Amino acid sequence: MTAQSEVKFLHCADIHLDMPFSSLGADAGRSVLRRRELKEGFRRIIDLAEAEQVDLLLVCGDLFEYEYVKKSTLQFVRDQLDRIPHTEVLIIPGNHDPYTPESWYRRFSWPAHVHILAGENRTFYREDPGVCVYAAESGTIPENAGMAADCIRILMLHGTLDMNFSKKAYHPVSSEALERLGTDYVALGHFHSRLQGAGSSGRIFNPGSPEPLGFDEEGDHGVFVGTLRKDGQGIVRPEVRFVRVNRRSYHTLRVSVSGCGTDEQAAAKVMESLRPDEGKENFYQFVLRGTLAEGFRLNPGHVADVLGSRVHYAKVTDETVPGYNLDEIAREPGLRGLFARKLLERAERAAGEKEKQIALQALYYGLEALETGKVDLETGKVELKDRGQVEGR
Amino acid sequence: MKIERLEIKGFGALSRRMVQLKPGINLLYGANESGKSTLQWFIQGMLYGLKGGRGSKEGLPPPARRFKPWSGDAFSGVLEYTLDDGRSFRIERDFSANTVEIYDAGFQRITDTFERSKERGPLIAEKHLGLTEACFEKTVLIRQMETRLDGEGGAELLSRLTNVAQTGFEDISFQKADRALREALRNYVGTDRSYTRPIDRVSARIRELEAAAAEAAESRRMQAGTESRLQRAREQKALLERKAAFLERTEHLIGVRRQAEEVASKEAALQEMLSVMTDLEARVQAASSGMGAAPSYGGGVSRRGQMHRRQAAAARRRRRVLFAAAVGLLLAAAGMAAFALMNPSTHFTAAGVLALGGVLLFALYALSGRRSGSAWDMPAGSPASPDTVQEILVWNERLKEACGKASALCGVQIGGSRDAEETLETLSDELGKLDARMKQGVQAVTAEFNEVSTEVFHADKLRGTLLSMDMKNLQTACARELTKLRDELAETALEIKECETLLSSGDREEEGTGADRLQMIMEELEVLRSEKASLEDTGEALKLAADVLTEAGTEIRRTFAPALNEGISDVMARMTGLRYRDVRADEALSIKAIAPETGMVTPVGWLSGGAHDQMYLGLRLTMADLISAGGETLPWILDEIFAQYDDDRTRQTLKYLYERSNSRQILLFTCKKRELELAVEVCGGNFHRVEL
């Protein structure tokens, strides 16, 4: 018989405070707002930790962006952590907030209940309630790590799980290797999508980013709140639940705008694809597809402007094709037919998708030039945003 | 191919009409607004279907709406035709439902045997005519007005001829297209030689932002460096303050040590004086009381005097304890000094100060030892033995003198041995207190020293260097080190202030005007890099288009233009009665003809308007020949082509058409009786007249 114990925790990761948002284009106001929302997200996590009265707050890397984080943001983090003095806060650095000699983890004054598990100090131990936490960088725990066998054992890792381990992968590890360590809970970070109960014993968890950070992070985002309970036989049973904390979400919708002859018609078709209650709070990427009316070229920026009044943020990607009947044109005698045949052949034997797309684009430009005597790319014209001079700002 | 029959249920103004056509020339005659153009659209629509969607560039509704029956009849019809190989077919098309069926000669439904288009259903005409709708419109179908050239006839014709020579179609210009692509490349993208085009601007802005990002990153690095510097300076300040405190305590101990030395010196002197006083007083007392024996040396010392001796011995024991502390301090000081020797630039002051403290304490012990060995022991000596009053007076005088010296020494009135003993007691107390203070001081200094000292040491070297210093030198060295330390402290405080100012200004910048600056730079950079990549793709596509167009143009000129030259020369020779026998496109694709008046090669633009019109028709007919060469012999559908011709030219052209009608069906639409009469004159009865 061993002593019974339990530990309650909140597991979060990849908050990326103060990160730049290139996915929002050059809309500076929108990205400033989004950065503020990330901080609000962190505040909600602390609210949750406070309400749940967790023993441990596990922050599995990339709490902030070292290259961009402001001191005021760190002070904000400290203020928030000060709200939960009875919770031990365990932070491991990630690839965006590495534990370098200049790291804020070394330079900043963190409250006493905050423990940065990095460098020489990778183990956290509390006799009451008998918990050991180790911050790993791979699928091994050194013998001298001080992970007592009779404790509830938690592993924290910011790394790449079960992926094609290229040289660039950050702290790659396999779930088999993690399983072999025999810890009671594996708290991961790094990947922004949620992973719940992975591994043969179902003890590997990655909450993903609590606030989604781009269009490749759709769906609900949040944190895990759990209890690790050790019974008299020394068996630890994890009870973990996902708690959604994201304020906004990202969506990618593919919409056919076939036959549309104006940007407004295209925008109207897109709006039809949205539910009445959908959109106000969220980020949308609309991928427009289909064959447009003859002679019409879509202006994605204009369509996005129209849609901007309907959703929080609209990004329009144009994958439409001009309304040419290429089969028919290719059968024509004369220059146009020959030109079309040549470029269709090129597209056909292109080495890759990009080469194919360029051949097709060349075909459309050429057909427009032959048909109208001009190529009007005003819609795609690059206009430098008037964001003022960089110097002096 | 021959169109046999048209059956119109309802199509624009036409309602329930049946038109039977024959091989050869079919002259469809009707007044204006009788439906000639509509009938042509009906033929086209039956073959290819009617386009819906948007209206034309001229603002007309799309054909599917434009030709809805006025009468309310079914928007549908039938077209029957026979191909060159003798197979006959029947197309039934419902324009409203956008459905079509095709039957063979035995009314077998064969609709499903045709390739289908998503928008247009079975592609009947493409298969049987071998022509797309665009080609049909541009070759065999010549609508009203198309042969009428505007005021700039020459230039227009020249342009159309050039287009045909270059592209196969009169309305498709190679040169315009080529120019458009190259202009688009220059205007919307930029080239290797451009400086102000979009890609140049984007690239310049990217460079500017990259420089700004590097500057901002450097500024952050500097800020981080300043943070570290501040941290180091604060640590240095704390260390210096600890050293200063140590040094000040050391200085204080020197003061205590000096005080103790003075008190001890006084005590020793007074002790000797007390012996003298006691002896004198004893002698005076003995003489005065008539007792003769003089006390032996030392025997006259009072119990209080003996008590002082015991106290002095106790003080010596106390100072032995101090010795142990002093040795510890000395060794630790030696360590610091050794470190200073190894790192002279950083810890010299500390080591020096600490070492001095150690030396001081060592010196204190040494001094104490000396005192216990000399000042506190009464030297041997014998008082004179008075036997007369005179002697008593002398002793009293000497006693008074001794009291005077003792008073002067101690600064209090000492009237005799009792007073001296009391003063000695006071001095002893004072010395005891000073001992206690020294003990406390040594403990504090030792504690401080132990805290500061963490390095290995070379004690011998330290002793060798510093033990020779006397108290005065020690005090001077201490004062000198303290001054140096205060200078260092002032410098460190200055550095702290400087770092704090820099950081505060950086923080203000970070939170104020420069808030999110780096993020915004990176966001804009990302957008611009994406735009640049997109521009490069666009540029690549435009360049590819221009290159492929040139390549195709060269091929067309090589293969199509000679055939066209030959064809148009033949047509023109036959239509003009050999007036124009040779029409060609030169290397520069300029169309020229041999002018009948001069016999010289002349640009087409210089010829007469009538010649232009005829040449244009010749061109279109040649095109129709070339397009259908080797395939189905398609009917020519010609609408009011003689509108600009005089009788003679009409006659010549009709003759040519009549010749061609042997092998090809021709649908000639006209509203003029004169043309009907000329047809009769040229063809006799060998044409089919249809009244509309």
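What you are looking at is a predicted structure, and each value in this text was computed from that prediction instead of being measured.

Thresholds, definitions, all that
Residues numbered from 1 in each chain as written. Chains lettered and ligands numbered in written order. Predicted model: local features only at pLDDT ≥ 70, side-chain atom pairs only at ≥ 80, totals over all residues. Heavy atoms only, no water. Helix = DSSP H or I, 4+ residues; strand = E, 2+ residues; numbered from the N terminus. Contact = heavy atoms within 4.5 Å. Areas by Shrake-Rupley, 256 points an atom, 1.4 Å probe, with all protein chains shown as cover. Buried < 20%, exposed > 50% of the residue type's maximum accessible area, 1.4 Å probe, protein only. Pairing = 2+ DSSP bridges. Right-handed = clockwise from strand over helix to strand, strands pointing away. Expected span 1.5 Å × (residues − 1). Arc of directions from axis to C-beta. Axes fitted to C-alpha atoms, helices over the stretch in contact; angles between N-to-C directions. Phe/Tyr/Trp six-rings, centres within 6.5 Å; stacked < 30°, edge-to-face > 60°. pLDDT = per-residue confidence, 0-100. Buried area = accessible area lost by both parts, 1.4 Å probe. Salt bridge = Lys/Arg side-chain N within 4 Å of Asp/Glu carboxyl O. 1 Å grid on protein atoms, 1.4 Å probe; cavity = no way out; pocket = protein on both sides within 12 Å on 5 of 7 lines; lining within 4 Å. Points joined across faces, edges and corners; volume = space filled by probe spheres on them. Nonpolar A, V, L, I, M, F, W, Y, C, P; charged D, E, K, R; others polar. Core = buried A, V, L, I, M, F, W, Y, C linked by side-chain atoms within 4.5 Å. Polar contact = N/O pair within 3.5 Å; in protein donor to acceptor, adjacent residues only side chain to side chain. Parallel < 35°, antiparallel > 145°, perpendicular 65-115°, else oblique. Left-handed = near helix turned anticlockwise from the far one by under 90°.

Draft legend 1. Examining the overall build of chain B more closely. A count of helices and strands for chain B gives 17 helices and 15 strands. For chain B, long-range pairs separated by at least 24 residues make up 72% of all intrachain contacts whose partners lie at least 6 apart in sequence. Roughly 32,900 Å² of accessible area belongs to chain B as shown, and the carbon and sulfur atoms make up 51% of that amount.

Draft legend 2. Representation of the pairing of strand S13 (residues 636–639) of chain B. Residues and elements named next belong to chain B. The side-chain alternation of S13 yields two buried faces, one formed by Trp636 and Leu638 and the other by Ile637 and Asp639. Bridge count between strand S9 (residues 141–142) and S13: two bridges; the pairing is parallel. Its bridge partner lying in S13, Ile142 is registered against Leu638. Here S13 pairs with strand S14 (residues 666–670) via four bridges, running parallel. Bridging across to S14, Leu638 finds its partner in Leu668. Handedness of the β-α-β unit built from S13, helix H16 (residues 647–660) and S14 comes out right-handed.

Draft legend 3. Region of the structure containing H16(B). Residue and element names in this part refer to chain B. Helix length check: H16 (14 residues) gives 20 Å between terminal C-alpha atoms against 20 Å at 1.5 Å per residue, within 8%. When H16 is considered as a whole, its buried residues turn out to be Arg649, Thr650, Thr653, Leu654, Tyr656, Leu657 and Arg660. For H16, the buried positions fall inside an angular range of 160° around the axis, keeping them on one side.

Draft legend 4. Summary view of the environment of Ile594(B). Residue and element names in this part refer to chain B. Here Ile594 is to be found in strand S11 (residues 591–594). Judged by its relative accessible area of 32%, Ile594 is partly exposed. Sequence spacing of Ile594 and Arg579 is 15 residues, and the spatial spacing of their C-alpha atoms is 8.9 Å. Once residues lying within four places of it in the same chain are set aside, the contact partners of Ile594 are Arg579, Tyr580, Asp582, Gly599, Met600 and Val601.

Draft legend 5. Molecular detail of the sheet that holds strand S2 (residues 14–20) of chain B. All names here are of chain B. Read across the sheet, five strands follow the order S2-S1-S4-S5-S6 without closing on themselves; strand pairing throughout is antiparallel. At either margin of the open sheet sits one strand with a lone partner, and together these are S2 and strand S6 (99–104). Mean inter-strand twist for the sheet, computed between neighbouring axes without regard to direction, equals 10°. Note that strand S4 (residues 76–82) and strand S5 (residues 88–94) share seven bridges and pair antiparallel. Across the sheet, residue Glu80 finds its bridge partner in S5, namely Arg90. The strands touched by helix H1 (residues 36–48) are strand S1 (2–11), S2, S4 and S5; relative to S1, the strand with the most contacts, the crossing angle is about 105°.

Draft legend 6. Quick peek at the packing of aromatic side chains. Residues and elements named next belong to chain A. Per the stated rule, a full pass over the model turns up 24 aromatic pairs over all chains. Ring centres of Phe224 and Phe242 lie 6.0 Å apart, and the angle between their planes is 70°; this geometry places the pair in the edge-to-face category. Placement of the pair is Phe224 in strand S13 (residues 222–230) and Phe242 in strand S14 (residues 236–244), with a sequence separation of 18 residues. Assessed through its relative accessible area of 0%, Phe224 is described here as buried. A centroid spacing of 5.9 Å and a plane angle of 55° characterise the contact between Phe283 and Tyr313, whose relative ring orientation is tilted. Taken as a pair, Phe283 in strand S16 (residues 283–289) and Tyr313 in strand S17 (residues 313–318) lie far apart in primary sequence, 30 residues in all. Neither residue differs from the other here; Phe283 and Tyr313 are each classed as buried.

Draft legend 7. Expanded view of the pairing of S17(A). Residues and elements named next belong to chain A. When S16 meets S17, the two strands line up parallel, connected through six bridges. From the neighbouring strand, Phe286 faces S17, where its bridge partner is Val316. Of the crossover connections in this fold, the one passing from S16 over helix H6 (residues 300–308) to the parallel S17 is right-handed.

Draft legend 8. Local environment of the confidence of the model for chain B. All names here are of chain B. When pLDDT is averaged along chain B, the result is 77; 75% of the residues meet or exceed 70. The low-confidence segment residues 291–303 (pLDDT under 50) makes twelve contacts with residues lying over four places distant or belonging to another chain. In the model, residues 453–468 has pLDDT below 50 throughout and makes 30 contacts with residues more than four positions away in sequence or in other chains. Listed scores for the predicted complex are pTM 0.69 and ipTM 0.86.

Draft legend 9. Quick look at the sheet that holds strand S15 (residues 250–256) of chain A. All names here are of chain A. Spatial strand order, S15-S16-S17: three strands in an open sheet with parallel pairing. Edge strands, defined here as strands with exactly one partner in the open sheet, are S15 and S17. Each neighbouring strand pair of the sheet contributes to a mean axis angle of 20°, computed without reference to strand direction. Across the sheet, H6 is in contact with S16 and S17; its angle to S17 comes to roughly 150°.

Draft legend 10. Inspection of the interface of chain B and chain A at higher detail. Counting residues at the interface gives 69 residues for chain B, matched by 63 residues for chain A. Interface area for chain B against chain A, summed over the two sides, is near 5,700 Å², with a carbon-plus-sulfur share of 60%. For the pair chain B and chain A, the number of links is seven salt bridges. With a shortest N-O distance of 2.6 Å, Lys342(A) and Glu555(B) are connected by a salt bridge.

Draft legend 11. Fine view of the layout of surface pockets. One number sums up the size of the second largest pocket: a volume of about 730 Å³. Along the wall of the second largest pocket there are 34 residues; nearest its centre are Ala216(B), Ser219(B), Arg220(B), Arg221(B) and Gln223(B). The set of elements that each furnish at least two residues to the lining of the second largest pocket consists of helix H3 (104–107) of chain A together with helix H7 (198–289), helix H13 (471–511) and helix H14 (517–575) of chain B. It is H7(B) that provides the largest number of residues to the lining of the second largest pocket, a total of 13 residues. When its residues are assigned to classes, the lining of the second largest pocket shows eleven nonpolar, eight polar and 15 charged.

Draft legend 12. Highlighting helix H5 (residues 263–272) of chain A. Residue and element names in this part refer to chain A. Those residues of H5 that fall on the buried side of the exposure criterion are Asp263, Ala266, Ala267 and Val270. Taken end-on, H5 shows its buried residues confined to a sector of 100°, consistent with a single buried face. As for H5, its buried residues are in contact with S15, S16 and H6.

Draft legend 13. Structural detail: the nonpolar core. One finds Phe339(A), Leu47(B) and Leu657(B) to be the most contacted residues of the largest nonpolar core, which totals 138 residues. The dominant element in this core, judged by the number of residues it contributes, is H14(B), at 20 residues. Dropping the residues within four chain positions of it, Leu47(B) is found in contact with Met1(B), Leu79(B), Ile91(B), Arg93(B), Ala125(B), Leu129(B) and Phe136(B). One finds Ile45(A), Leu81(A), Val223(A) and Phe283(A) within the second-largest nonpolar core, a separate group that totals 43 residues.

Draft legend 14. Examining the pattern of salt bridges more closely. Residue and element names in this part refer to chain A. Tallied over the entire structure, the rule returns 57 salt bridges over all chains. Between Arg244 and Asp220 there is a salt bridge whose closest N-O contact spans 3.1 Å. Residue Arg244 is found in strand S14, and its partner Asp220 is found in the loop between strand S12 (204–206) and S13; the two are separated by 24 residues along the sequence.

Draft legend 15. Spotlight on the side chain of Gln285(A). Residue and element names in this part refer to chain A. Mapped onto the elements of the fold, Gln285 is located in strand S16. Relative accessible area serves as the criterion here: at 15%, Gln285 is assigned to the buried category. A distance of 3.2 Å separates polar atoms of two side chains, one belonging to Gln285 and the other to Thr252. Discounting chain neighbours no more than four positions away, the residues touching Gln285 are Phe215, His251, Thr252, Leu253, Lys315 and Thr317.

Draft legend 16. Fine view of the packing of helix H6 (residues 174–189) of chain B against H14(B). All names here are of chain B. Contact pair H6 / H14: the axes reach a minimum separation of 9 Å and the direction vectors enclose 165°. Viewed along their axes, H6 and H14 adopt a mutual orientation that is roughly antiparallel. Judged by the twist between their axes, the crossing of H6 over H14 is left-handed. Residue-level contacts link Phe174, Ala177, Asp178, Leu181, Arg182, Ala184, Leu185, Tyr188 and Val189 of H6 to Leu535, Thr538, Gly539, Leu542, Lys543, Ala545, Ala546, Asp547, Leu549, Thr550, Gly553 and Arg557 of H14.

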